[in-house]
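Chain by chain, the residues:
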Amino acid sequence: MNLAESSFHSSSSSDDLAAILNDELETASSDSSPEFGTDEDEEGLLEQRVKRQRVDSAEESLQVIEDAPVVQQTKNACLHPGFFKGLCMVCGQMEEDDGSGVPFGYIHKDLKLGSSEIDRLRGADMKNLLRRKKLILVLDLDHTLLNSTRLVDLSAEEHHLIEQALTTAQAGDGSGTLFKLDRIHMLTKLRPFIHTFLKEASELFEMYIYTMGERAYALEVAKVIDPEGIYFHSKIISQSDCTQRHQKGLDVILGAESTVLILDDTEMVWQKHRENLILMERYHFFSSSCRQFNSPEKSLSQMNKDERESDGLLATTLGVLKRVHQAFFDEVGLFLKWTSFFFGFLNLFLLQLGETDAASRDVRPFLQRVRKEVLAGCKVVFSGLYPSSEVPSEQPIWRLCERLGAECCVNFDSSITHVIAGCPGTEKSRLALRHGKFLVSRRWADAANYLWRRLPEEDFPVILPNNPPS
Ligand SMILES: [Mg+2]
Ligand SMILES: [Zn+2]
């Protein structure tokens, strides 16, 4: 995000603030990368900058007083765009205790911004992003991009992975996926395809890390997935930055909600932003991860395998991100091409119109549209998945299939294409077999949800719950 670039649109003193924030976002991560304990240095830097700013604006004010007393009056009516250690960054006045400021601890631990300033920065940032044909991507860490375990939780069979991690570190060519985080006594396994994913996604999106983990952990992991700090800079949001308990919110992101896509394996924490979310299937590499989620399945390390680079979750998801990004910007482009073909002389005007058009655009309907293609053309009926006393259209499986573009029905008839059943032998299951319809377990719908395509029905047979597939 380049707040400074966008600040030429306004002339308020908060431009200076935008420049400071921008500097801070670009440099904070490199300032703090070698040690955790550099908060002090970081603080010193920002403090110096703010002090310098105050001196500058004081000198400016003197100049202004000489030049035009009218302007001095506007200087006095400071809008207090941001606070540092409780003092306004522009006029130095103490913050009023009305709770209106939002803390931006990941930019700097003592920084708070006023809501009107956040809105202004978001608006300016959006124009700037859209001009660069970029959207915003918020990335969860655990089970989405990687899987971590404490060293003490490694099983005996997994101990050789520590050796393997040390070999990765020695190779040092940036292609490794297994790392020992010495400082916090953990081992982390990156999801296959992550390096390509980050590189290609960064060309289309401004990226944030957003984890419920602690800041020290987030910084350690960031060093592994982004050693040069080119993808995230200091856009690393951790537990202490969340403004609501057990919830992640877009309120701490300096970008408009209409431009944000989120990748996360936990839907619950995004209650307010489900429409921005691409839900990820959990990446369970270590056995401790399965234990943590009470999963009866074996972890990838226990099965001695891994997701494939070519068609694993990250590769699939990158494809979805590209499609949504393209759909978002294509319509603007199409509109411009068409109109400028007919009205070539109005090009400049139309370019502006195109920008306005993009700014009113929302990424959420585009995501919805791509999702609805997944099971388009399927007409499904459910059997044995919820009590008949329940309202069918309120059931999670019904909603899921609907979101994926399938037509959901209560009764079986000849136009039905799929019966999704909880167990074999139900009446609808028998009807499916008799009439040559697909009979699948609900995992068929879940898999379609994660992989964004209709999978071969024969891979999802309906079996008795106590009779797992061999
Ligand atoms: Mg997670
Ligand atoms: Zn002020």
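All values reported here derive from a predicted model rather than from experimental measurement.

Colleague: How should the overall build of the protein chain be read in this particular structure?
Modeller: In terms of regular secondary structure, the protein chain is built from 15 helices and 16 strands. When burial is assessed residue by residue, the protein chain has 36% of its 470 residues classed as buried. The long-range fraction of contacts in the protein chain, counting pairs at least 24 apart against all pairs at least 6 apart in sequence, stands at 63%.

Colleague: What is the right way to read the sheet that holds strand 16 (residues 438–440) from this model?
Modeller: Within a sheet, adjacent strands bond to each other through the backbone by hydrogen bonds, running parallel or antiparallel. Here we have four strands laid out as an open sheet, ordered 14-13-15-16, and parallel in their pairing. The open sheet has two edge strands with one neighbour each: strand 14 (407–409) and strand 16. The mean inter-strand angle of the sheet, taken between neighbouring strand axes irrespective of direction, is 30 degrees. Inspection of the sheet shows strand 15 (residues 418–421) paired to strand 16 by three bridges, in the parallel sense.

Colleague: Hey, could you run me through the nonpolar core in this one?
Modeller: Within the largest apolar cluster, 75 residues are counted, with the highest numbers of intra-cluster contacts made by Leu135, Leu137, Val138, Leu139, Tyr208, Ile209 and Leu261. Of the residues forming this core, the biggest block, seven residues, is contributed by helix 8 (residues 215–225). Residues in contact with Val138, not counting those within four places in the same chain, are Tyr208, Tyr210, Ile253, Val260 and Ile262. Listed in part, the 23 residues of the second largest apolar core include Val381, Cys401, Val419 and Ala448.

Colleague: Which parts of the structure should I look at to understand the sheet that holds strand 9 (residues 205–210)?
Modeller: In space, the five strands of this open sheet follow the order 10-9-5-11-12, with parallel pairing throughout. Two strands lie at the open edges of the sheet, namely strand 10 (236–237) and strand 12 (277–279), each paired on one side alone. As judged from the three bridges shared by strand 11 (residues 260–264) and strand 12, these two strands associate in the parallel manner. Paired with Asp264 across the strands is Leu279, a residue of strand 12.

Thresholds, definitions, all that
- In every chain, residue numbers begin from 1 and rise along the written sequence.
- Note on labels: chains are lettered from A, ligands numbered from 1, in written order.
- Side-chain atom pairs in this predicted model are given and counted only at pLDDT of 80 or more, local residue features only at pLDDT of at least 70, and totals for whole chains, interfaces and linings cover all residues.
- A run of DSSP states H or I qualifies as a helix once it reaches four residues; a run of E qualifies as a strand once it reaches two. Both are numbered from the N-terminal end.
- Any residue with 12 or fewer other C-beta atoms within 10 Å of its own C-beta is exposed, any with 20 or more is buried, and the rest are partly exposed; the C-beta atoms used are placed from the backbone.
- Our contact criterion uses C-beta atoms placed from the backbone: two residues qualify when those atoms are within 7 Å.
- Here, a strand pair is defined by DSSP locating no fewer than two bridges between the strands.
- Fitted lines through C-alpha atoms give the axes, limited to the stretch in contact for helices. The angle between two N-to-C directions lies from 0 to 180 degrees.
- Note on definitions: a nonpolar core is a set of buried residues drawn from Ala, Val, Leu, Ile, Met, Phe, Trp, Tyr and Cys, linked by C-beta atoms within 7 Å.

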